[in-house]
Amino acid sequence: MSGRNTPMRKSFAHLQNAAFVLVLSFAPPLAAQTTLYSFRGNAAFDRFGHDVSGAGDVNADGYDDIIVGAVFGHLGAAARGSASVLSGSNGAELYRFYGNSGQDYFGWSVSGAGDVDADGHDDVIVGAPGDAPNGAQSGSARVFSGYDGSVLYTFLGGHVGDFLGGAVAGAGDVNRDGHDDFLVGAQHDASNGSSAGTAWLYSGRDGSIIHRFVGEAAFEYLGSSVASAGDVDADGTLDIIVGAYAADFGGIEVGAAKVYSGRTGGILYRFFGTTEWGRYGKSVDGAGDVNADGFADLIVGHPDRGPGDVGGVDVFSGKEGELLYTYTGESPFDSMGWAVSGAGDVDQDGFDDFMFGVHDDEVDGLVDAGTARLHSGRNGARLYLFEGHIWGGYFGVSVCGAGDVNGDGFPDVVVGQDCDDFNGDCSGSAYVYSPKVLLPPSPGIANAVNDFVLHGGSPGAWIRFVYGFQEGITGVPGCPGLEVLIASPKVAGTAQADASGVATLSRLVPAGASGRTVLLQAVEGGNCTVSNRVSCTFP
């Protein structure tokens, strides 16, 4: 079971206005985001949300879109599978693609592919590892045009059980030819021994193979996860990260994640798990530039890290391969790290952030309700906690940075919950969130008027800015369960959000604040949400 510490629990109904305000240190309030969209599976056992991804701007309307897989979705055949591309601007379904036949598991993996054909519309890729073009579960993957939904490329597994399409991802323009490239994994490909696994990097220009990555030994399952790693070695070429969750290294099936050069195809790093049968590398992604050193960093999931399969997540530096952050699940069978993703610079502090799912987490006594967690690249602290509220719903089974879905200039995120029962048992769902972001005060100096700006508020809503000098947990009156993470907070003032959801409070920060560290959050009482917490030391 997971829980939150609850020190210094109070109400701030008594708070008075004060002479100045400040905020921005990052810790996890309960409801610190706006739900932009809630998408639901159509029928029982669709498992809509099994995988989710940002899709880029598919319809070229200036808003980033998303793609959601429903691995057992059907159209006249059980487990045919489907994938839906959904508009960021209004939530409308732009496309729905289906598998070719029953048991295809089309939508097992989905991803934005970038602009593969260089027509100004971002494209998408979908895996169908149960497809049988060359025997049962040989698998397939298809790339679809964002412009008209047509099939640009189809790739087929060559042998029974290859499971090609079990993982797919956009790779960016690796070979720098003006066309975005993409990745396909086949974890049971036997090119170098039974289930050694293979991953291919394909050219967006013509579908040819740029690089082929092969498992180094039998039963590694290389290609069980694939992702763009960003430019890890800062050589001007995007690199690749591939999971091999059954690799042996100092133990049976500890698992591995391997980082390959996009320029040469050679291995840059190998990271290994620490628990036998721990499935290290079950999920991998580029984390962006987490430590702001000019090198892209990496995130790896370890969902069966022991003891007790609590799970875990590791974040590594791209520059030297050292471990930057590590996280471990709180309770047995939490499965932390089943899904991981880079998230972009959500809190706008100059450091890219990252997220991961804990889909077997217990929430308020609901077993396997699940959570997703968004963490700061700057210091590793948790910025936001997203919670499922359905027993056995598996919220967080998939997570992904979604790009800027609502066009407010800030990154959004998408979370899958593939056993939501809204439209029948395990019909599934996916949620797109826009985190409320409180920016650091500007200009950030004492003895001057400072602006405190919140993004992501409800248009027209009144936002209360509160501050204090010690960490704590204080309940918000009228919002059961909502808390700010400041002890004895005081109200600095209120401001009304404009039509774009931006609220700005201008206050004089007195000279006496120089050298003091102040904590700040913003509260929107009308919908019972709070922002991230910020800490600032005024010079």
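Up top is the structure.
Structural notes, computed from the coordinates. Since the model is a prediction, treat every value here as computed from it, not as a measurement. (Residues numbered from 1 in each chain as written. Predicted model: local features only at pLDDT ≥ 70, side-chain atom pairs only at ≥ 80, totals over all residues. Heavy atoms only, no water.)

What follows covers the side chain of Thr-237. Looking at the secondary structure, you find Thr-237 in the loop between strand E15 (222-230) and strand E16 (239-244). Look at Thr-237 and you get buried, because its relative accessible area is 2%. A distance of 3.4 Å separates polar atoms of two side chains, one belonging to Thr-237 and the other to Arg-176. Once residues within four sequence positions are removed from consideration, Thr-237 is found in contact with Val-174, Arg-176, Asp-231, Gly-262 and Arg-263. (Helix = DSSP H or I, 4+ residues; strand = E, 2+ residues; numbered from the N terminus. Buried < 20%, exposed > 50% of the residue type's maximum accessible area, 1.4 Å probe, protein only. Polar contact = N/O pair within 3.5 Å; in protein donor to acceptor, adjacent residues only side chain to side chain. Contact = heavy atoms within 4.5 Å.)

The next subject is unusual backbone geometry. Residue Pro-307 follows Gly-306 across a cis peptide bond; omega there is 0 degrees. Within the secondary structure, Pro-307 is located in the loop between strand E20 (297-301) and strand E21 (312-316). That bond from Ser-442 to Pro-443 is cis: its omega, 10 degrees, falls within 30 degrees of zero. Considering the arrangement of structural elements, one finds Pro-443 in the loop between strand E30 (437-438) and strand E31 (448-455). Even without being a glycine, Arg-47 presents a positive backbone phi close to 55 degrees. Along the chain, the position of Arg-47 falls in the loop between strand E2 (33-40) and strand E3 (48-56). Its identity is not glycine, yet Phe-163 carries a phi of approximately 65 degrees, on the positive side. Position of Phe-163 among the secondary structure elements: in the loop between strand E10 (151-156) and strand E11 (164-172). The exposure class of Phe-163 is buried, given its relative accessible area of 10%.

Once that is clear, we can look at the sheet that holds E31. Taken together, 3 strands build an open sheet; the order of strands is E30-E31-E36 and the sheet is antiparallel. The open sheet has two free edges, formed respectively by E30 and strand E36 (503-509), since each of these has just one partner strand. When E30 meets E31, the two strands line up antiparallel, connected through 2 bridges. Each residue of the ladder has a partner; that of Leu-438, found in E31, is Leu-454. (Pairing = 2+ DSSP bridges.)

Further remarks concern the state of the cysteines. This model, assessed by the stated rule, comprises 2 disulfides. Between the sulfur atoms of Cys-419 and its disulfide partner Cys-426 the distance amounts to 1.7 Å. With respect to burial, Cys-419 and Cys-426 carry one shared label: buried. In this model Cys-479 forms its disulfide with Cys-528; the gap between the sulfur atoms is 2.0 Å. Its torsion about the S-S bond being -80 degrees, the disulfide of Cys-479 and Cys-528 is classed as left-handed. A residue pair is termed long-range when its members are at least 10 positions apart, and Cys-479 in the loop between strand E33 (473-475) and strand E34 (483-484) and Cys-528 in the loop between strand E37 (517-524) and strand E38 (529-530) qualify at 49 residues. For Cys-528, a relative accessible area of 25% puts it in the partly exposed group. Sequence-ordered numbering of the bonded cysteines in the protein chain gives a disulfide pattern of 1-2, 3-4. (Disulfide = S-S within 2.5 Å.)

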